[in-house]
Every structure is written in structure tokens, then in C-alpha cells.
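Analysis of the macromolecular model
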Amino acid sequence: MTLGGSGGSSVVVPRNFRLLEELERGEKGIGDGTVSYGMDDGDDIYMRSWTGTIIGPHNTVHEGRIYQLKLFCDKDYPDKPPSVRFHSRVNMTCVNPDTGLVDPRKFPVLGNWQRDYKMEYILTQLKKEMAASQNRKLVQPPEGAFF
């Protein structure tokens, strides 16, 4: 996040302030409650490891399923995207079927990362991707299976 200043200059919000803002937003809940996220370890002063949850969208094979994901924000976040990996098994065109890693080459949010994108945006876009024509009817692994 960049804050505008006078004379065309800007101030870059430090990583930890940005992550604190994201934590607060994640704890308050997002939209209709079908996407959420929070820190794995409240004692991690670097705020690196996060868990996300997506409830599958209506009228898809994902409907009603609860998917857990791991997001890892390295020291370069938010200048570079976090790594995103599904913990719950899922069959999607942008997810590696062996590891659960979301492939940046197949998921434009990560592949064309912008500093103002947030974890919330990643999760809501993955939910939209579940409803996309190429993913909405794919046969899914048994519910409760994990990578």
C-alpha cells in the first residue's frame, strides 16, 4: 500500500504494518463469510505463516466443501506474492495435483502480482476460479482428503 504525498512523492507502508492491517481485517470476517484467514502462530513476530479457508461456491462441485489453504508471506511480501498451497485436496487447473501449490503461471493474481493485492483478494479470486467453467465440474477428491 502506498500513501500519496505532496509533490508526487509517496510513502510505502512497512511490511509489518500491512500484515497487521490484514490480520485485523481477517479477524473481523470478510463479506458473506465464505472466505476467511488468520495467522497460524500469534507469537510469530514476522507474521509469515497464515491459514485461509474457502467455502466452495454454489452450483459447482465445490458447493458446501470447506477448503483449507496455507499462505506463506516471505520477507519480500507484499512486494512479492505469498506462496499459496491448498492443504485440502482439490482438483483445479491452477493447483498442482501432487503438492497443492497454486501455480502462479496458471493463476494470474499471483503471476501478475501487484503490491496492493492482499491475502483476502487471493482467496476471493481462488473462490471465483472454483466457479469458472474449467473448474466448476471437475471431479473432486473425497471430502476430507489432504495433501
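Since the structure is predicted, the reported quantities are computational estimates derived from the model, not experimental observations. (Residues numbered from 1 in each chain as written. Predicted model: local features only at pLDDT ≥ 70, side-chain atom pairs only at ≥ 80, totals over all residues. Heavy atoms only, no water.)

To continue, consider the UniProt feature "domain: UBC core" (unreviewed entry) in the protein chain. In the numbering adopted here, UniProt assigns the feature "domain: UBC core" (unreviewed entry) to residues 14-147. Along residues 14-147 the backbone is 23% helical and 17% strand, and the end-to-end C-alpha distance reaches 33 Å. (UniProt positions renumbered as here; feature names shortened; annotations may be inferred. Helix = DSSP H or I, 4+ residues; strand = E, 2+ residues; numbered from the N terminus.)

By the definition in use, this model includes five aromatic pairs. Ring centres 5.5 Å apart and planes at 90° place the aromatic pair Trp113 and Tyr117 in the edge-to-face group. Both residues of the pair, Trp113 and Tyr117, belong to the buried class. Judged by centre distance (4.7 Å) and plane angle (40°), the ring pair of Tyr117 and Tyr121 falls under tilted. Judged by relative accessible area, which is 31%, Tyr121 ranks as partly exposed. Through pairs of rings, three or more aromatic residues link up here, namely Tyr77, Trp113, Tyr117 and Tyr121. (Phe/Tyr/Trp six-rings, centres within 6.5 Å; stacked < 30°, edge-to-face > 60°. Buried < 20%, exposed > 50% of the residue type's maximum accessible area, 1.4 Å probe, protein only.)

This part is about unusual backbone geometry. Going from Tyr77 to Pro78, the amide bond is cis rather than trans, its omega being 10°. As for its placement among the helices and strands, Pro78 is situated in the loop between strand E5 (66-72) and strand E6 (83-86). The phi dihedral of Met47 is positive, around 55°, even though this residue is not glycine. At Asn59, a residue that is not glycine, the phi angle is positive and equals roughly 60°. Tracing the chain through its elements places Asn59 in the loop between strand E4 (49-55) and E5. Taking the relative accessible area as the measure of exposure, Asn59 reaches 61% and is therefore exposed.

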